[in-house]
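Secondary and tertiary structure notes
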Amino acid sequence: MCPDTPPEDGQQPPAREVMSTSDVGRALRRIAHEIVERNKGAADVVLLGIPSRGVELAQRLGALITEIEGELREIESLKGASKQGAQIDVAALDAYLKGRLPGLSGAPELAAISGGQSNPTYELTTPTAAYVLRRKPPGALLPSAHAVDREYQVISALAAQGFPVAKPHALCLDEGVIGSIFYVMDKVEGRIFWDLKLPGLTPVERRAVYEAQTDTLARLHAFDPAAIGLGDYGKA
């Protein structure tokens with residue numbers, strides 16, 4: 001049956017089977033194993049336009065599959081965040097943020113955004129401003145897992161030194177507000193480079209980015225943790 005073909009009267013359209021992320025990962029690795037086995041005796045194998053041999057082929061396939069699995073997990077995380085966003089009590093969130101966010105007026109709106117790794121992340125918009133909310137996933141977790149409060153601690157300490165981080169506004173440790181602890185910071189517009197080789201930039205532009213990155217890291221490592229309020233941060 002074609003996707004656009006309506007079901008006959010009285011019939012329900014057939015349910016589509018959806019593979020889980022782990023199922024997709026196992027299938028990809030099985031395919032990769034078969035490719036390697038079939039090409040063991042070949043002098044050269046072209047993968048993604050690049051000549052490869054034996055172990056090198058397996059390494060390329062492994063790296064590619066790991067990247068795909070990461071993307072699949074991110075998709076699953078985004079789906080979960082979208083569902084959790086729908087479950088957040090926006091009225092309770094609004095009441096908590098009143099007086100804590102500058103210029104907050106009108107009920108905020110939440111939209112899940114990607115790139116949050118394992119902590120659900122949302123764009124929080126008001127009629128006058130945009131922020132980012134990061135929360136600990138709801139449910140039973142290890143005590144030290146998903147410690148968004150530690151993120152807030154570091155960001156706050158660095159912001160106080162004029163270091164280029166998003167300005168933090170509020171940390172809520174009361175799980176009763178939206179079901180888990182969370183914090184809110186400014187939304188900062190900018191370019192995100194997923195490929196560190198920066199293929200879309202000219203050599204001059206890449207050099208400027210790499211030098212700025214090096215300068216920023218050097219400045220970060222110049223801070224004395226104790227002097228900026230992070231003396232007790234991390235494990236002993």
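Residues numbered from 1 in each chain as written. Predicted model: local features only at pLDDT ≥ 70, side-chain atom pairs only at ≥ 80, totals over all residues. Heavy atoms only, no water.

The secondary structure content of the protein chain amounts to five helices and seven strands. Listing every helix and strand of the protein chain by position from the N terminus yields α-β-β-α-α-β-β-β-α-β-β-α. Relative to its full complement of 236 residues, the protein chain shows a buried share of 26%. Put simply, of all contacts in the protein chain between residues at least 6 apart along the chain, 49% involve residues at least 24 apart. In the form shown here, the protein chain has an accessible surface area of approximately 15800 Å², with 56% of it arising from carbon and sulfur atoms. (Helix = DSSP H or I, 4+ residues; strand = E, 2+ residues; numbered from the N terminus. Buried < 20%, exposed > 50% of the residue type's maximum accessible area, 1.4 Å probe, protein only. Contact = heavy atoms within 4.5 Å. Areas by Shrake-Rupley, 256 points an atom, 1.4 Å probe, with all protein chains shown as cover.)

Each aromatic ring pair is specified by the distance between its two centres and by the angle formed by the two planes. Counted under the stated rule, the structure contains three aromatic pairs. Measuring from ring centre to ring centre gives 5.7 Å for Tyr 96 and Phe 182, while their planes differ by 70°; the resulting arrangement is edge-to-face. Residue Tyr 96 is found in helix 3 (residues 90–97), and its partner Phe 182 is found in strand 7 (residues 182–186); the two are separated by 86 residues along the sequence. Phe 182 matches Tyr 96 in its accessibility class, with the two residues each being buried. On the basis of an interplanar angle of 75° and a centroid distance of 5.9 Å, the ring pair of Phe 163 and Phe 223 is categorised as edge-to-face. Of this pair, Phe 163 sits in the loop between helix 4 (148–159) and strand 6 (168–172) while Phe 223 sits in the segment after helix 5 (203–221), and the two are 60 residues apart along the sequence. (Phe/Tyr/Trp six-rings, centres within 6.5 Å; stacked < 30°, edge-to-face > 60°.)

On to the side chain of Asp 94, then. Mapped onto the secondary structure, Asp 94 falls in helix 3. Judged by its relative accessible area of 15%, Asp 94 falls in the buried class. Setting aside anything within four residues of it in sequence, one finds Asp 94 in contact with Leu 104, Gly 106, Ala 107 and Pro 108.

When pLDDT is averaged across the protein chain, the result is 77; 63% of the residues are at 70 or more. Confidence drops under a pLDDT of 50 for residues 1–7, and excluding neighbours within four residues, the segment shows four contacts in the predicted structure. For residues 10–16, every residue scores under 50 in pLDDT, and the model assigns this stretch four contacts once sequence neighbours within four places are set aside. (pLDDT = per-residue confidence, 0-100.)

Another aspect to go through is the pattern of salt bridges. Scanning the model with the defined rule gives six salt bridges in all. The salt bridge involving Lys 187 is made with Glu 123; its shortest N-O contact spans 2.8 Å. Here Lys 187, found in the loop between strand 7 and helix 5, pairs with Glu 123, found in strand 4 (residues 121–125); they are 64 residues apart in sequence, far enough to count as distant. Exposure remark for Glu 123: the relative accessible area of 21% places this residue in the partly exposed category. Notably, a salt bridge pairs Lys 187 with Glu 189, separated by 3.4 Å at the nearest N-O pair. (Salt bridge = Lys/Arg side-chain N within 4 Å of Asp/Glu carboxyl O.)

Now for the pairing of strand 4. Looking at chain direction, strand 3 (residues 109–112) and strand 4 are connected through four bridges and run antiparallel. By the bridge assignment for strand 4, Ala 111 is matched with Glu 123. Between strand 4 and the antiparallel strand that follows it, strand 5 (residues 130–135), lie four residues. (Pairing = 2+ DSSP bridges.)

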